[in-house]
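Analysis of the macromolecular model
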Amino acid sequence: MKFTVDMLETEARMAELIPTETLKYVGFEDGMIFCDIGAGSGIFSFPAAEISSNTVYALELNDDLIGFMDKKKSELGLDHMQIKKVNSENLPVNDDSCDVVMMTAVLHGIKRKVDLIKEIKRVLRSQGKLVIVEFHKKDQVAGPPLEYRMSPLEVKDIIEKCDFELEKERVLGENNYLLSFKVKS
Ligand SMILES: C[S@@+](CC[C@H](N)C(=O)[O-])C[C@H]1O[C@@H](n2cnc3c(N)ncnc32)[C@H](O)[C@@H]1O
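My aim in this report is to walk through the structure given alongside it, one point at a time. (Residues numbered from 1 in each chain as written. Predicted model: local features only at pLDDT ≥ 70, side-chain atom pairs only at ≥ 80, totals over all residues.)

This next bit is on the overall build of the protein. Looking only at helices and strands, the protein has seven helices and seven strands in total. Each helix and strand of the protein, ordered N terminal to C terminal, gives the series α-α-α-β-α-β-α-β-β-α-β-α-β-β. Over its C-alpha trace the protein gives a radius of gyration of 15 Å, about what one expects of a compact globule, namely 16 Å for 185 residues. In terms of overall dimensions, the protein has a C-alpha envelope of 40 × 40 × 30 Å along the principal axes. Counting the 185 residues in the protein, one finds 37% classified as buried. Taking all contacts inside the protein whose residues are at least 6 apart in sequence as the whole, residues at least 24 apart take part in 64%. (Helix = DSSP H or I, 4+ residues; strand = E, 2+ residues; numbered from the N terminus. Rg over C-alpha atoms; globule rule 2.2 N^0.38 Å. Buried ≥ 20, exposed ≤ 12 C-beta atoms within 10 Å, placed from the backbone. Contact = placed C-beta atoms within 7 Å.)

Across the sheet, which stays open at both edges, the seven strands sit in the order S3-S2-S1-S4-S5-S7-S6 with mixed pairing between neighbours. For this open sheet the edge positions go to strand S3 (81-85) and strand S6 (164-171), each flanked by a neighbour on one side alone. Strand-to-strand twist in this sheet, taken as the mean axis angle between neighbours without regard to direction, amounts to 15 degrees. Taken together, the seven bridges between S6 and strand S7 (residues 176-183) define a ladder with antiparallel strand orientation. Paired with Leu166 across the bridge in S7 is Phe181. Helix-sheet contacts for helix H5 (residues 63-76) involve strand S2 (56-60) and S3, and the interaxial angle to S3 is about 165 degrees. (Pairing = 2+ DSSP bridges. Axes fitted to C-alpha atoms, helices over the stretch in contact; angles between N-to-C directions.)

Counting 47 residues, the largest nonpolar core has Phe34, Cys35, Cys98, Val101 and Leu130 as its most contacted members. Excluding anything up to four places from it in sequence, Leu130 contacts Val101, Ile120, Leu124, Ile159, Phe164 and Phe181. (Core = buried A, V, L, I, M, F, W, Y, C linked by C-beta atoms within 7 Å.)

Glycine aside, residues mostly have negative phi, and peptide bonds are mostly found in the trans state. For Ile18, which is not a glycine, the phi torsion comes out positive at approximately 25 degrees. As for its placement among the helices and strands, Ile18 is situated in the loop between helix H2 (11-17) and helix H3 (19-25). Unusually for a residue other than glycine, Asp96 sits at a positive phi of about 45 degrees. A residue is classified by how many C-beta atoms lie within 10 Å of it, and Asp96, with 11 of them, is exposed.

What follows is the structure in structure tokens.
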């Protein structure tokens, strides 16, 4: 499915995901490095770049959404944002560099989930967090068909097998839930 800015930035979605508040809830603060995988139009990347003056990676595969983010980045003068095209599990990000890696409405669509989670572990600092936002596993109009959806248990199972442990869990609203993990010490 090809996503557009209009689909990603509906009023209802923004009201449920409340990006700035959600970033603060997971502990994201100034000075931290953020990596948004499947950033879309940047609903989390732009607020992250307003919170932190350090690097914000917005990784996306859709050229139209990359173009949208590039233009918005220039307009807002957010030079510390790095908007990059990715289309595989290889992230163009250094080892041990990120404080928060986030995937919102992305994990359920990734084919090689374990490979991507291992790659996320490579780019996270030892105290870093992996934040997953997914759709509730029920038949709803907004979001993917039921068979693609992942329950919190399914997400935890995959991520904990890659040596992460759950830190925070929150229902964001009618459509989405959030799980925040840290690397097992
Ligand atoms: C449902 S949209 C969510 C966008 C954004 N995270 C948000 O919540 O508004 C999923 C996005 O992930 C992107 N995507 C899917 N697989 C990807 C991959 N392997 N690497 C980078 N982006 C990917 C899609 O192009 C799409 O923009």
